Amino acid sequence: MARRLRATAFVGVLTLALAGCGGVGGGDDEKGGTATKGALSTMGFGFSDEIATTRVDAFKRDHPDVELKVTEGAFDEQQFLSAVAAGNPPDLVYLDRKLIGTYAKRGSIQPLTDCVKKQDVNLDQYRPAAREQVTLDGTVYGIPEFSTVRVVYLNEGLLKQLGMTADQVDLADWAALPALNARLATVSGGRLARIGIDPKIPEFLPMWAKANGVDMLSADGRTAKLDDPKVIEALTTGVNLIQQQGGWGRFKSFRDTFDFFGAQNPLSKNQIVAWPMEEWFLNQAAKNTPDAELVVKPFTDRQGKPLTQSAGQAWVITKGAKNPEAACAFVKQMTATDTWMAAAKARVDARKAAGQPFTGLYTANAEADKKIFEELYQPTGKKRFDDAVATIRSVQDAAFAMPASPAGAEFDKAYYDAVNRVLAGQEQPAQALQRAQREAAAALDKAAK
Amino acid sequence: MATVTASAPGRRRRTPLARREARWAYLFLAPWIIGFLIFYAGPMVASLWLSFTDYDVINPPEYTGLANYRELMSDPAVARSLGNTVYYTALHVPLVMLISLGLALLLKRVGRLQGFFRTVFYLPVMTPAVAVGILFLLLLNTQDGLINRALGWVGIAGPSWTTDPHWVMPGIILMSLWSLGSTVIIYLAALQNVPRDLYEAAAIDGAGAWARFRAVTLPMISGALFFTLIVNTIASLQMFTEVYTMYFGNRETQNSFNSDAASFYVIHLFQEAFQFLHMGFASAMAWLLFVIILIITLMQVKLSNRFVYYEGEDK
């Protein structure tokens, strides 16, 4: 009897220990629920600032019976796939929009057709580029959040020293770029002391290619065009700019020392003259170096027409979500105009309390942005920053995004590797992109099966 | 008539005490056995099965026979990453062993401060691998890194450690030498166990320092040398964290530059499994690595029979 009791106790303890293993999913005991009650779990999101907390608080206030479990931290593919494989995925995942095509094709996230219909989500309020990036084969799989765009930053203080104006920095005239770059950069004794133009490749290659009139990936995300002569020309142009400045080794190692998040940023340290970059740097510059002589211009195509690439995160509902209705209500509210307004108000108050300017909020919800800028935004009084805000707002309408693709990660790797081989001096642009084309095409074909 | 029962030879009945002790022994072993079955043996069997399937983690696996293994053999990215890993192992392991032995010999000569230096040499082992990766990105910076600055002081123009494909691997090997403290400590312990009278006998026979080292020290610490050879070889073939952090692991490196020259086998395996969702293929990669490690280890064990001396054995 005593022996049986001991055995039972041992098995019991073991079962408890194994059952107690934590996870990120909704848990087995949390099945079901409606838009207004039940448990709801998220992955990939965090309470990093007032923009996040204000919106989550709004959802909690309006859905008091929904038990929200936010597993904080950036999206982790390994963690997500482990949860999916264990049959216990979170209800919601917050991830980079470029990953949506792959997960949609594999069936790990739900089409939002029913969600959009039931919750009456107005898809037209979202920016077209962001909308396209969450849509695969005509089906919407995600609700976009922010819309990060790229603009060209110029250090006007340095331009003045060189006897130049911001207007003279014209990235549309590719033939004149080498001469312009030579004038802006400082290379002495093989040592790079100041970057003239940073083409930001491989990351920004799609934008340079688009400026040259070609998309690197077809609109349906299934056909790579990496060996297009215009892509090769774009890569050659970017690589030449780097070679002119001491080569990739010097260029990268110099750029690696930059700190874009502090008062010692490359703008204040006069380490760079012209560079395309995401709009978030304006916030950092306004906060850390408000007196810097910064000019923001749109990136343009070769005809001089403004152009930008949009990126950002999105919310998706997983295939095994236990409370898809609450998940849908959550994403609707997190990206609704009123919620964004509340978040922007909180940001304005926080910035005011810190004595810092509010340089806007750039969401994927065009209606929300319009309202925020009309009702909450106040010019800072510093013309440079106010003009920059206007520029960033204006380019949102000229944005394109890399389309959702069933093999997005492999496609990215193919062209990143190609650019890296060229930068490292291992291959010429045409040769590298032809190989990338073969690799991308093979991956896309395989994913399409 | 009396009957005699005799138990079969070799099958003696165990006493109740022995049986009870055995039960307790199994009970105490149970956590490890259960952990091994659930967390090692189970996943290994599962991954062996998955290596014969097309599996993306999301959908059920589909049996594809040897397709993954055939693809493995023809995939240039696999060959490249395996080549890089072998190159790294071939340089890293002998260097770690040589430098560690040199340091251990020096440490043995240090008197009262030996504890302090032992701690100093071991401290880098305690540094998280991710931090080591970041630290060495800074140290290996072409223009402003400490290593190239130091080379500059003696008139040498340092290479582009992190961008020149020819210098990426030497840079990684340099980084790997940062954490050789464990090997140093093992060698130091082995050196301290070498009986002093052997050195005295050798000295009386007229053996010089080199002869004493070759004929006494090396054979007496050969067990430790063999152990570190095996352990460091296996660890080198599974190199991941530091290099992933340096070249693949953060947003900046993912979005800008990572070099083919830094593509290690396990990094490529990780990317196939979790970024491209080719878990079946990645499982095949894992089994190939397992077989490679097994073969290398068996070869090393075979060699050890000739060169390794264990205390108490007659050779």
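Residues numbered from 1 in each chain as written. Chains lettered and ligands numbered in written order. Predicted model: local features only at pLDDT ≥ 70, side-chain atom pairs only at ≥ 80, totals over all residues. Heavy atoms only, no water.

A. Main features of the confidence of the model for chain A. Residues and elements named next belong to chain A. When pLDDT is averaged across chain A, the result is 90; 92% of the residues are at 70 or more. The element-level mean pLDDT for chain A is lowest in helix 1 (residues 2-19), coming to 39, with helix 9 (residues 205-211) highest at 98. Predicted confidence for residues 1-23 stays below pLDDT 50, and this span has six contacts to residues more than four positions away or in other chains. (pLDDT = per-residue confidence, 0-100. Helix = DSSP H or I, 4+ residues; strand = E, 2+ residues; numbered from the N terminus. Contact = heavy atoms within 4.5 Å.)

B. Molecular detail of the domain arrangement of chain A. Residues and elements named next belong to chain A. In terms of domains, chain A is made up of domain 1 (34-149 + 311-403) and domain 2 (150-309 + 407-448). Each of domain 1 and domain 2 was reduced to a C-alpha centroid, and the two centroids are 28 Å apart. Taken together, the 27 residues of domain 1 in the interface contact 42 residues of domain 2. Taken together, domain 1 and domain 2 are joined by five salt bridges. The shortest N-O distance in the salt bridge between Lys98 and Asp412 comes to 3.5 Å. Summed over the shared surface of domain 1 and domain 2, the number is 11 residue pairs in polar contact (both at pLDDT 80 or more). Of the residues contributing to the side of domain 1 that touches domain 2, the split by class is 15 nonpolar, six polar and six charged. (Domains from an automatic or database assignment. Salt bridge = Lys/Arg side-chain N within 4 Å of Asp/Glu carboxyl O. Polar contact = N/O pair within 3.5 Å; in protein donor to acceptor, adjacent residues only side chain to side chain. Nonpolar A, V, L, I, M, F, W, Y, C, P; charged D, E, K, R; others polar.)

C. Representation of a nonpolar patch on the surface within the structure. All names here are of chain B. A grouping of Tyr26, Leu29, Trp32, Ile33, Phe36, Leu37, Ile38, Phe39 and Tyr40 is seen on the molecular surface, where their side chains present a nonpolar patch of about 990 Å² in accessible area. The topology assignment puts Phe39 in helix 1 (residues 16-50). Classification of Phe39 by relative accessible area gives exposed; the value is 52%. (Patch = residues over 30% accessible without salt bridge, like charges linked within 9 Å, V, L, I, M, F, W, Y side chains within 5 Å. Areas by Shrake-Rupley, 256 points an atom, 1.4 Å probe, with all protein chains shown as cover. Buried < 20%, exposed > 50% of the residue type's maximum accessible area, 1.4 Å probe, protein only.)

D. Focus on the pattern of salt bridges. Residues and elements named next belong to chain A. Here the structure, examined in full by the defined rule, presents 30 salt bridges over all chains. One salt bridge in this structure joins Asp49 and Arg347, with 3.2 Å as the shortest N-O distance. Of this pair, Asp49 sits in the loop between strand 1 (38-45) and helix 2 (50-62) while Arg347 sits in helix 14 (residues 337-353), placing them 298 residues apart in sequence. For Asp49, a relative accessible area of 27% puts it in the partly exposed group. With relative accessibility at 10%, the residue Arg347 sits in the buried group. Between Asp349 and Lys345 there is a salt bridge, with the nearest N and O atoms lying 3.2 Å from each other. Here Asp349 pairs with Lys345, and both are found in helix 14, just four residues apart, close to one helical turn. By relative accessible area, Asp349 is classed as partly exposed at 36%. By relative accessible area, Lys345 is classed as partly exposed at 41%. By sharing partners, the salt bridges in this structure join Glu156, Lys160, Glu293 and Arg384 into a single network.

E. Geometry of the state of the cysteines. Residue and element names in this part refer to chain A. Taken as a whole and assessed by the stated rule, the structure comprises one disulfide over all chains. Here Cys115 pairs with Cys328 through a disulfide, and the sulfurs are 1.8 Å apart. Looking down the S-S bond of the Cys115 and Cys328 bridge, the torsion is 85°, so its handedness is right-handed. Here Cys328 lies in helix 13 (residues 324-334) and Cys115 lies in helix 5 (residues 113-118), a separation of 213 residues in the sequence. Across the pair, exposure class does not vary: Cys115 and Cys328 are buried alike. (Disulfide = S-S within 2.5 Å.)

F. How the structure looks around the interface of chain B and chain A. Taken residue by residue, the interface counts 36 residues in chain B and 39 residues in chain A. Summing the contributions of chain B and of chain A, the shared interface buries around 3,400 Å²; its carbon and sulfur component is 55%. At the junction of chain B with chain A, the criterion picks out three salt bridges. The residue B:Glu71 makes a salt bridge to A:Lys446 at a minimum N-O spacing of 3.7 Å. On inspection of chain B and its partner chain A, the count reaches eight residue pairs in polar contact (both at pLDDT 80 or more). Every element with two or more residues in the side of chain B that touches chain A is listed here: helix 1, helix 13 (251-255) and helix 14 (265-275) of chain B. The element that contributes the greatest number of residues to the side of chain B that touches chain A is helix 14 of chain B, accounting for five residues. When the residues that make up the side of chain B that touches chain A are grouped by side-chain class, the tally is 14 nonpolar, 15 polar and seven charged. (Buried area = accessible area lost by both parts, 1.4 Å probe.)

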